Number of protein chains: 2
Amino acid sequence: MLEKFFNPKSVAVVGAARDPKKVGHSILKNLRDNGYKGRLYPVNPKAKSILGLKTYPSVSSIKEGVDLAVITVPRNFVIDVMKDCGKKGVAAAIVITAGFKENGQEGLILEQQLLEVAAGYGIRVLGPNCLGMINAHTGLNASFAPSMPHKGNIAFFSQSGALCTAILDWSLSRGIGFSKFVSLGNKSDISELDMMEYLSGDPATKVILGYIEGVSSGREFIKKAWATVHKTPLIITKAGGTQSGARAASSHTGSLAGSERAFEAVFKQTGILRADTIEELFSFALAFSRNPLPTGPNLAVITNAGGPGIIAADACERSQARMAELQAATITRLRKSLPPTAGFFNPIDVIGDARADRYAAALEAALEDPGVDGALVLLTPQATTEPEATAKAIIDIRGRTEKPVLVSYLGGDMIKKGADLLNKKQVAIYGYPEEGVKGFEALVRYNKSKMKAGPNIVQFKDVNTSKARAVIDKARSEGKKELGEKEAREIIAAYGFRVPKNVLAATSSEAVKAARGIGYPVVMKIASPHILHKTDVGGVKVGMKNDKEVESAFLEITSNAKRLMPNAMVWGCMVQEMVTGGREVILGMSHDPSFGPLLMFGMGGIYVEALKDVSFRVAPIGKEEAHEMIEEIKTYPILKGLRGEKSSDIDAIEDSLLRLSQLVTDLPEVLEMDINPLLVLQEGQGSVAIDARFTII
Amino acid sequence: MLEKFFNPKSVAVVGAARDPKKVGHSILKNLRDNGYKGRLYPVNPKAKSILGLKTYPSVSSIKEGVDLAVITVPRNFVIDVMKDCGKKGVAAAIVITAGFKENGQEGLILEQQLLEVAAGYGIRVLGPNCLGMINAHTGLNASFAPSMPHKGNIAFFSQSGALCTAILDWSLSRGIGFSKFVSLGNKSDISELDMMEYLSGDPATKVILGYIEGVSSGREFIKKAWATVHKTPLIITKAGGTQSGARAASSHTGSLAGSERAFEAVFKQTGILRADTIEELFSFALAFSRNPLPTGPNLAVITNAGGPGIIAADACERSQARMAELQAATITRLRKSLPPTAGFFNPIDVIGDARADRYAAALEAALEDPGVDGALVLLTPQATTEPEATAKAIIDIRGRTEKPVLVSYLGGDMIKKGADLLNKKQVAIYGYPEEGVKGFEALVRYNKSKMKAGPNIVQFKDVNTSKARAVIDKARSEGKKELGEKEAREIIAAYGFRVPKNVLAATSSEAVKAARGIGYPVVMKIASPHILHKTDVGGVKVGMKNDKEVESAFLEITSNAKRLMPNAMVWGCMVQEMVTGGREVILGMSHDPSFGPLLMFGMGGIYVEALKDVSFRVAPIGKEEAHEMIEEIKTYPILKGLRGEKSSDIDAIEDSLLRLSQLVTDLPEVLEMDINPLLVLQEGQGSVAIDARFTII
């Protein structure tokens, strides 16, 4: 869909200017001077030619077709220009001009109008308020960036234009190359969604990086992220998560910063690699850009110094990568080529006086070990160290292996030439051992998640959606926002949750009859539409063991209510099955402004309150996600049974989460809900939803 | 004590050589060529002069006094040279030569002999197996490092020589300067302890950095660290913590890597700032080296781009620093000097087209706000940005403030000149906003801990050490390693722990008498030296409420025991006070190989097992440390009382921890112990030690 946007045969620059200080000049110059082979049309009614190119008074006055228009005219002329583009049949437009949504209400309205016009003509729009777009491979620099990036296989999109400029400048000094480079600006139309979709199918792109402050459409984001990660690594830095950060975000780009926990959940669900810092974003990117994927997590470290070797081993241990265990044959081989004082285990210490040959022997031996999935070479500059020759040896060996090889040269001028050579030859090289380990870990993590192609959603047939909806509709017709206990129970029961047996008794003899039917012991609760906090009025009694106890409990509860809340209408008592044993968990859902229904799972009671030990996923989820939610909480060992205790019914929790996922997906009227507690019985015995509450819209 | 080591009036290089490939040549050259003003004596019996300096056949043949000898002769000659140095009255020696402890048993013996000789003459020894030492301010380069560091106020010591070379090389390319630069090698004598002691009193040193893989003497380390942190910031990277790391450490330097948790505890107790990576080590160092300490945690961020501002605010929120809230007067002032679309709150966004003047106005206003304790200036290269002029403005303002000012210029060539200028003028400048925030956070954290001058140890008078020791002595005389329940109870009771009342009853009527004396209800347990797992033989009954229940429990328990363990000697039953209510916590001690008694605290039962939610400190601890241990666990809110529950008696836990600290300090025979559970009652009601176990040596 964005083919003509990224690869236009012709580009018009509307607002092209002679004055080199003007953005319209910079863009035209960038388009002219960086090897773009398509046709170029400056549009400016007041000039005959700019930068040696024939100028046109309007887009529609250009005779040939125009694929892409870059618009730099002042805000109040942008809509007219867009109309002109529409008439001409332009496919895509980049609106550089600022002063729209980011400037308040008036700008927002203008942006909406602009978008309507563009949509009417089927024009895709980047911006407004952006730096532009660069396709490094075709030399198309449709931006006012002060420089042109190197060609490479990293695609980058960013919600912050300033970050684009900074990263571009930085990448040039580091020799890092890009495929596509896109400043998203206000994301009025083209957004991260389009980037993921297009770039994951782009043969020039091996890894996609993004900087976002929020997402335009959470549901679409999840879908697209799944599809993308399946094909191409996707690394994202998400800013504006914390409170101060979020404040800055909303005052800056007007984008709503979705809640941190929802983003965290989405990143986990979809397999997006989250980079916590800009530095990490590029540490990861370098690893993907310059390496094949490893087939396992086992890393061999080759070093000429003990300290950095230990540092790398420590970092590895803290990560999802593992220090490889070398096979006996490899160790024998190393013993032949290294001095006796060397370290033959992993890290392989080639010792301070190692020259290039020793590095080569060790690296080759390590990479040929079937238990090694990748290598990290560390070099410190010592008396006889050969940074350049070692670099050449690494480059040579790397050409003959299908395993990732990462490098960290520690130092400054002494190692510079070697490091520059490695960088030039597209070896992933880092300043610190820890960074190299993190880079390898990113490859390992991606490997695990790329198999995901979206959740494997279970559709339960034994649910009664229309019954649940009827309960909600009735409550809405009565103007209720909070559902009562009975209604809540009806909804979850309709979705296959087991709820305690429950009978309304208007008299004490009815209560006895009900209790007998349910089976002793029972719980009794006041039944009144006006009494919400039942325990406060002495309205609950548990463990009633026989007819006599039920009878007197009925009288006590109802008279308590009459005495303490004389105006409440009292229907009688609810007589309820008493479920004992099991462990209390909590299941819930809240509504995230970006992603919609956010499911929560945790241990109940003090655990959830004191430890906030809960996990989140955005619904709908599949079996795998449900299981991850359960395993993710720190108190999971309690569920599995400590000290020889029997395990709780984990399958039943999984089933409950999947039913809940279906419930909140089927019933978007549910704004928030929780089942607290869900009593989980021993393995094979299921679970019972003791209490639930719903808030609807 | 190390005065003559760091500032010798004369240096002899033993093993000085003409061959430029030899270490003895490099060192002499380094000493001659870097401005050292003292006398220099090459020692080599085979040469008349080396590098234009008169050569001596031995140290003792030098007529004038010799303060420092640098020894580079082969391993087998080192001891003879040391004897010669001793006769001459040399104060300190640097043994560069390798092949000692790090090479196995033979080397270890040689190293011990060497040390004995040196100690006999009172010679302080650096090394063996090290790179040497540099005093950058006097131009003394007593090392074979390939270059001389810049002068500066950062002291660096390292257990890895290769890391020294790498960091030195790196520091030159970054313009970072040092006061002292020391490669510790095998730490046979001079170690991190001497470094802390000397460098914290060194006027040339503003911040001390260390890289260690283990410590020589844990107790001394703690003492010296306290004293150091009180005077000078101490930042340490500790490697070899994780399992793989530790393996690499022991195979490399022969140093025992102390357990990670003990190190973590010691760093917390003493206020050492731990740097997790080498990069962090220098991020922190730069902040201290180039800034005054802030008086509070509130940071103002000034930026010309929204994205990086959000990134910094996020990082700040995750740290112990805080985003400052600007005063109304400051905001008014900012409104006057910034355009209307600027961001007037923190982060202060001076907007993409800001030139130096706008940065200056914003920075000045922020620093003059009494609610701002420091500032971070962020700059991205945009069309009208002035990286150099802005740098000048920052340098100027910084000269007039007593608050820290940190800077992050994002980019490459476009910002290089400005960044270089800031660096040259000793402004702490970072590549990424997050690094700048971390640097400021380090200042904030140090500020909190520098007040510590060691623990405020409470000595309880009401303890009976001789009684506790008598119990241990008796057990030892019987060859016991594990103490029984009774002995354990006696020891902790002697240290003022309240234990349940407890009476041994040989018959059922004695049991009834005992129960009456204690008061109902009671717990009853089988009393037998041969039955360890009492519950397994039906040997425990709780909640006996009256005479009759006690009587039948006695008969049941003893007959159970006779039936199931017919050969066990049975003394009867223990009748025990039954303590109810309260919350279970666990107190314990284990023996760390580096630091000795390591105290542990956590919530009891499933919490400690499932969550490993425990805290550690090395004994002895003071009131503050005890309180920190309690507050540190995640389940602390449970102790404080959730949902309106009453708080547990926190003071009683604190008291218990302090008593335990005294106990394990008084009784080094205790190898491991725990009190599990300690039942903590409601506020003001104390605690009861229900059960305890001891392992002794």
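About the thresholds
Residues numbered from 1 in each chain as written. Chains lettered and ligands numbered in written order. Predicted model: local features only at pLDDT ≥ 70, side-chain atom pairs only at ≥ 80, totals over all residues. Heavy atoms only, no water. Least-squares fit on C-alpha atoms with pLDDT ≥ 70 in both. Contact = heavy atoms within 4.5 Å. 1 Å grid on protein atoms, 1.4 Å probe; cavity = no way out; pocket = protein on both sides within 12 Å on 5 of 7 lines; lining within 4 Å. Points joined across faces, edges and corners; volume = space filled by probe spheres on them. Helix = DSSP H or I, 4+ residues; strand = E, 2+ residues; numbered from the N terminus. Nonpolar A, V, L, I, M, F, W, Y, C, P; charged D, E, K, R; others polar. Axes fitted to C-alpha atoms, helices over the stretch in contact; angles between N-to-C directions. Parallel < 35°, antiparallel > 145°, perpendicular 65-115°, else oblique. Left-handed = near helix turned anticlockwise from the far one by under 90°. Phe/Tyr/Trp six-rings, centres within 6.5 Å; stacked < 30°, edge-to-face > 60°. Buried < 20%, exposed > 50% of the residue type's maximum accessible area, 1.4 Å probe, protein only. Pairing = 2+ DSSP bridges. pLDDT = per-residue confidence, 0-100. Patch = residues over 30% accessible without salt bridge, like charges linked within 9 Å, V, L, I, M, F, W, Y side chains within 5 Å. Areas by Shrake-Rupley, 256 points an atom, 1.4 Å probe, with all protein chains shown as cover. Salt bridge = Lys/Arg side-chain N within 4 Å of Asp/Glu carboxyl O. Buried area = accessible area lost by both parts, 1.4 Å probe. Polar contact = N/O pair within 3.5 Å; in protein donor to acceptor, adjacent residues only side chain to side chain. Right-handed = clockwise from strand over helix to strand, strands pointing away.

J.: Looking at this structure, how should I read the relation of the copies chain A and chain B?
T.: Comparison of the two chain copies shows a relationship of rotation about an axis with a shift along it. By a simple turn and slide, chain A fits onto chain B: the slide is 0.1 Å along the axis, the RMSD is 0.3 Å, and the turn is 180°. What we have between these two chains is a two-fold relation. Same-surface contact between copies: 100% of interface residues of chain A are shared with the interface of chain B.

J.: Mind showing me how you'd approach empty space enclosed by the protein here?
T.: Take a probe with the size of a water molecule and roll it over the atoms, and the empty space left behind shows itself. Scanning the model with the defined rule gives three cavities of 30 Å³ or more in all. Surrounding the largest cavity, Thr237, Lys238, Ala239 and Asp276 of chain A together with Ile311, Asp314, Ala315, Arg318 and Glu434 of chain B form its lining. The set of elements that each furnish at least two residues to the lining of the largest cavity consists of strand 13 (234-238) of chain A together with helix 11 (306-317) of chain B. Sort the elements by how many residues they give to the lining of the largest cavity and helix 11 of chain B lands first, with three residues. Each pocket or cavity is described by its volume, and for the second largest cavity that value is around 40 Å³. The leading source of residues in the lining of the second largest cavity is helix 18 (residues 485-494) of chain B, at three residues. Per-class residue counts for the lining of the second largest cavity are five nonpolar, no polar and three charged.

J.: Honestly, the packing of helix 13 (residues 356-368) of chain B against helix 14 (residues 387-398) of chain B in this entry has me stumped. Any pointers?
T.: The relative placement of two packed helices is expressed as an angle between their axes plus a distance between the axes. All names here are of chain B. The N-to-C vectors of helix 13 and helix 14 enclose an angle of 25°; their axes lie 8 Å apart at closest approach. By the angle class used here, helix 13 and helix 14 are roughly parallel. Classified by chirality, the crossing of helix 14 by helix 13 is right-handed. Contacts between helix 13 and helix 14 involve Ala356, Tyr359, Ala360, Leu363, Glu364 and Leu367 on the former and, on the latter, Ala389, Thr390, Ala393, Ile394 and Ile397.

J.: Help me understand the packing of aromatic side chains, please; the structure alone is not making it clear to me.
T.: The geometry of an aromatic ring pair is captured by two quantities: the separation of the ring centres and the angle between the planes. All names here are of chain A. Evaluated as defined, the whole model comprises 26 aromatic pairs over all chains. For the ring pair Phe263 and Phe595, a centre distance of 5.0 Å and an interplane angle of 85° mean the geometry is edge-to-face. Taken together, the residues Phe263 in helix 9 (residues 260-270) and Phe595 in the loop between strand 25 (583-592) and strand 26 (596-603) connect sequence positions 332 residues apart. Overall, Phe263 belongs to the buried group, its relative accessible area being 0%. With a relative accessible area of 0%, Phe595 lands in the buried category.

J.: Hey, could you run me through the sheet that holds strand 23 (residues 540-544) of chain B in this one?
T.: Strand-to-strand pairing in sheets goes through backbone hydrogen bonds, with the strands running parallel or antiparallel. Residues and elements named next belong to chain B. Read from one edge to the other, the open sheet built from four strands follows the order 21-24-22-23, with strand pairing classed as antiparallel. If you trace the sheet from one side to the other, it starts and ends with strand 21 (502-505) and strand 23, each paired once. Going from strand to strand, the sheet's axes swing by 25° on average, the running direction of each strand aside.

J.: Can you help me understand the confidence of the model for chain A in this one?
T.: Low-pLDDT portions of the prediction should not be read for the details of their coordinates. Averaged over all residues, the pLDDT of chain A equals 92, while 96% of them reach at least 70. Contacts of residues 244-258 of chain A to residues separated by more than four positions or lying in other chains number 36 contacts, the stretch itself having pLDDT below 50.

J.: Can you walk me through a nonpolar patch on the surface in this structure?
T.: Where nonpolar side chains cluster on the molecular surface, the patch consists of Leu504, Met569 and Trp571 of chain A and spans about 310 Å² of accessible area. Under the relative-accessibility criterion, Met569 of chain A is labelled partly exposed at 43%.

J.: Looking at this model, I keep getting lost on the sheet that holds strand 7 (residues 124-126) of chain B. Mind explaining?
T.: Residue and element names in this part refer to chain B. The five strands are arranged 2-1-5-6-7 in an open sheet whose pairing can be described as parallel. Unpaired on one side and paired on the other, strand 2 (39-43) and strand 7 mark the two borders of the sheet. On average, each strand axis in the sheet is tilted by 20° relative to the strand beside it, whichever way the strands run. Pairing between strand 1 (residues 10-14) and strand 2: five bridges, direction parallel. Looking at strand 2, one finds that Val13 is bridged to Pro42. Along the sheet face, helix 3 (residues 78-88) touches strand 1, strand 5 (68-71), strand 6 (92-95) and strand 7 and points at about 170° away from the line of strand 5.

J.: Looking at this structure, I do not really get the interface of chain A and chain B. What am I missing?
T.: Interfaces are often described in size by the accessible area the parts lose on coming together. Between chain A and chain B, the residue contacts involve 64 residues of the former and 64 residues of the latter. Buried area between chain A and chain B, both sides added, is near 5400 Å², and the carbon and sulfur share of it is 64%. The three residues of chain A that bury the most area against chain B are Asp169, Ile310 and Tyr432 of chain A, which together make up 11% of that side's buried surface. Applying the counting criterion to the chain A and chain B interface returns ten residue pairs in polar contact (both at pLDDT 80 or more). Taken together, the elements giving at least two residues each to the side of chain A that touches chain B come down to helix 5 (161-174), helix 8 (243-252), helix 10 (278-289), helix 11 (306-317), helix 15 (413-424), helix 21 (606-611) and helix 23 (636-640) of chain A. In terms of residues, the side of chain A that touches chain B owes the most to one element, helix 11 of chain A, which gives eight residues. The residue inventory of the side of chain A that touches chain B, partitioned by class, reads 29 nonpolar, 21 polar and 14 charged.

J.: Explain the pairing of strand 24 (residues 572-577) of chain B here, please?
T.: Remember that side chains alternate between the two faces of the sheet whenever the strand is regular. Residues and elements named next belong to chain B. Buried residues dominate strand 24, accounting for six of its six residues. In this sheet, strand 24 lies alongside strand 21 in antiparallel orientation, the contact comprising four bridges. By the bridge assignment for strand 24, Asn502 is matched with Gln576. With six bridges joining them, strand 22 (residues 522-527) and strand 24 adopt antiparallel strand pairing. What sits directly across from Ile526, in strand 24, is Cys573.

J.: Would you mind going over the pairing of strand 15 (residues 298-303) of chain B with me for this structure?
T.: Residue and element names in this part refer to chain B. In terms of burial, strand 15 is a largely internal element, five of the six residues being buried. In terms of strand pairing, strand 15 meets strand 16 (residues 322-323) through two bridges, oriented parallel. The residue bridging Asn298 from the neighbouring strand is Arg322, located in strand 16. Note that the unit made of strand 15, helix 11 and strand 16 has a crossover that is right-handed.

J.: Explanation requested: the environment of Asn291 of chain A in the structure shown.
T.: All names here are of chain A. If you trace the backbone, Asn291 turns up in the loop between helix 10 and strand 15 (298-303). What makes Asn291 buried here is its relative accessible area of 3%. In this structure the C-alpha to C-alpha distance between Asn291 and Val405, which are 114 residues apart in sequence, comes to 7.0 Å. In this structure Asn291 touches Lys206, Arg398, Pro404, Val405, Leu406, Ala428 and Leu443, once residues within four positions along its chain are discounted. A polar atom in the side chain of Asn291 sits 3.0 Å from the backbone nitrogen of Val405.

J.: Even after reading the chapter, I still don't get the side chain of Asn423 of chain B, so can you show me in this structure?
T.: All names here are of chain B. Looking at the element boundaries, Asn423 is found in helix 15 (residues 413-424). Side-chain polar atoms of Asn423 contact the backbone oxygen of Arg174, separated by 2.6 Å. Every residue in contact with Asn423, bar those within four places of it in the chain, is listed here: Arg174, Gly175, Arg290 and Ile429.

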